[in-house]
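A closer look at the structure
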Amino acid sequence: MRENDRGDLSIRLRGARLRRLRIKRGFRTQGALAQVLGCARSTVATWEASSSIPRPYMLVRLCVILRVPPGYLIEEPGGPSLRSLRTAAGKRQSDMAGALNVAATYYCDVENGRQAIPERWFPVLASMFGIPVAALREMLAPGRVDAGREGGAMAKAAEGESSAAFAMGEAGTIP
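Cut-offs and rules
- Residues numbered from 1 in each chain as written.
- Predicted model: local features only at pLDDT ≥ 70, side-chain atom pairs only at ≥ 80, totals over all residues.
- Heavy atoms only, no water.
- 1 Å grid on protein atoms, 1.4 Å probe; cavity = no way out; pocket = protein on both sides within 12 Å on 5 of 7 lines; lining within 4 Å.
- Points joined across faces, edges and corners; volume = space filled by probe spheres on them.
- Nonpolar A, V, L, I, M, F, W, Y, C, P; charged D, E, K, R; others polar.
- pLDDT = per-residue confidence, 0-100.
- Helix = DSSP H or I, 4+ residues; strand = E, 2+ residues; numbered from the N terminus.
- Contact = heavy atoms within 4.5 Å.
- Phe/Tyr/Trp six-rings, centres within 6.5 Å; stacked < 30°, edge-to-face > 60°.
- Buried < 20%, exposed > 50% of the residue type's maximum accessible area, 1.4 Å probe, protein only.
- Salt bridge = Lys/Arg side-chain N within 4 Å of Asp/Glu carboxyl O.
- Arc of directions from axis to C-beta.
- Axes fitted to C-alpha atoms, helices over the stretch in contact; angles between N-to-C directions.
- Parallel < 35°, antiparallel > 145°, perpendicular 65-115°, else oblique.

1. Digging into the layout of surface pockets
If you add up the space inside the largest pocket, you get close to 320 Å³. Forming the walls of the largest pocket are 16 residues, and the residues nearest its centre are Val 110, Gly 113, Ile 117, Leu 140 and Pro 142. Per-class residue counts for the lining of the largest pocket are ten nonpolar, four polar and two charged.

This is how it looks when you write it as structure tokens:
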């Protein structure tokens, strides 16, 4: 995989999938989708070229509008991780540890999966990433099935079975 604009080699946006979905959902141009998202057309173009990834709050907005789970658009083994969300937000581990009022080594243990994410962290993380707490919990659910495939927790959320993040509009099926 190529390095994205945030320096993370492990994740990237599935640009071709985004383009097909944009058109299927009635956004004939990149500009039309950009206008609804409140970003520049060139931003959507870089996402479709898989040259960059959206920040977490924009990823959630994009997924709500297109009625798909984030794991459907993000190419990362197992779906978005705490590390990829932090990287996309442009934060360092020390920034996160400071905001959570914990030692950097403890934060690192949690991010690397050696410790579970403490429940009290979710509201703080959601605020830092600009996404709803429920959507963050679902993205980082420890037992989720491959989040990018039908049958996984995120796919079920996109189909309207759960998650406040997808409550806007009628949920459709994943193409």
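That shown, we press on.
2. With respect to the confidence of the model for the protein chain
Residues at a pLDDT of 70 or more form 74% of the protein chain, whose mean pLDDT is 76. Least confident of the elements in the protein chain is helix H11 (residues 153-158), whose mean pLDDT is 39; most confident is helix H2 (residues 30-37), at 96. Counting interchain partners and residues more than four positions distant, the pLDDT-below-50 stretch residues 1-9 has 26 contacts. Across residues 144-174, confidence stays below pLDDT 50; counting only partners more than four residues off in sequence or on other chains, it has 67 contacts.

3. Here we look at the packing of aromatic side chains
Scanning the entire structure with this criterion turns up two aromatic pairs. Aromatic side chains Tyr 106 and Trp 121 sit 5.7 Å apart centroid to centroid with 85 degrees between the ring planes, which places their arrangement in the edge-to-face category. In this pair, Tyr 106 sits in helix H8 (residues 104-111) while Trp 121 sits in helix H9 (residues 121-129), placing the two residues 15 residues apart along the sequence. For the pair Tyr 107 and Trp 121, a centre-to-centre distance of 5.8 Å together with 20 degrees between the ring planes defines the contact as stacked. Residue Tyr 107 is located in helix H8, and its partner Trp 121 is located in helix H9; the two are separated by 14 residues in the primary sequence. Given the relative accessible area of 0%, Trp 121 is considered buried. Each residue in the set Tyr 106, Tyr 107 and Trp 121 is aromatic and connected to the rest through ring pairs, giving one cluster.

4. Side note on the pattern of salt bridges
With the rule as written, the count across this model stands at five salt bridges. Here Arg 114 makes a salt bridge to Asp 109, at a shortest N to O gap of 2.9 Å. Asp 109 sits in the partly exposed class, given a relative accessible area of 24%. Across the salt bridge formed by Glu 119 and Arg 137, the nearest N and O atoms sit 2.2 Å from each other. Taken together, the positions of Glu 119 in the loop between H8 and H9 and Arg 137 in helix H10 (residues 133-139) put the pair 18 residues apart, joining distant regions of the chain. For Arg 137, a relative accessible area of 35% gives the class partly exposed.

5. What about H2?
Those residues of H2 not exposed but buried are Gln 30, Leu 33, Ala 34 and Leu 37. All buried residues of H2 lie within an arc of 100 degrees about the axis, which places them on one face of the element. Buried residues along H2 sit against helix H1 (15-24), helix H3 (41-48) and helix H4 (56-66). Just beyond H2, the residue with positive phi is Gly 38, at close to 80 degrees.

6. Thoughts on helix H7 (residues 93-100)
Of the positions making up H7, those classed as buried are Met 96, Ala 97 and Leu 100. End-on, the buried residues of H7 take up no more than an arc of 100 degrees, which puts them together on one face. Those residues of H7 that are buried lie in contact with helix H6 (82-88), H8 and H9. Asn 101 sits one or two residues past H7 and shows a positive phi near 60 degrees.

7. Things to note about the packing of H7 against H8
Direction vectors running N to C along H7 and H8 enclose 105 degrees, while the axes themselves pass 8 Å from each other. Judged by the inter-axis angle, H7 sits roughly perpendicular to H8. Between H7, through Gln 93, Met 96, Ala 97 and Leu 100, and H8, the contact on the second element is made entirely by Ala 104, Tyr 107, Cys 108 and Glu 111. Partitioning the contact of H7 with H8 into residue classes produces six nonpolar, one polar and one charged.

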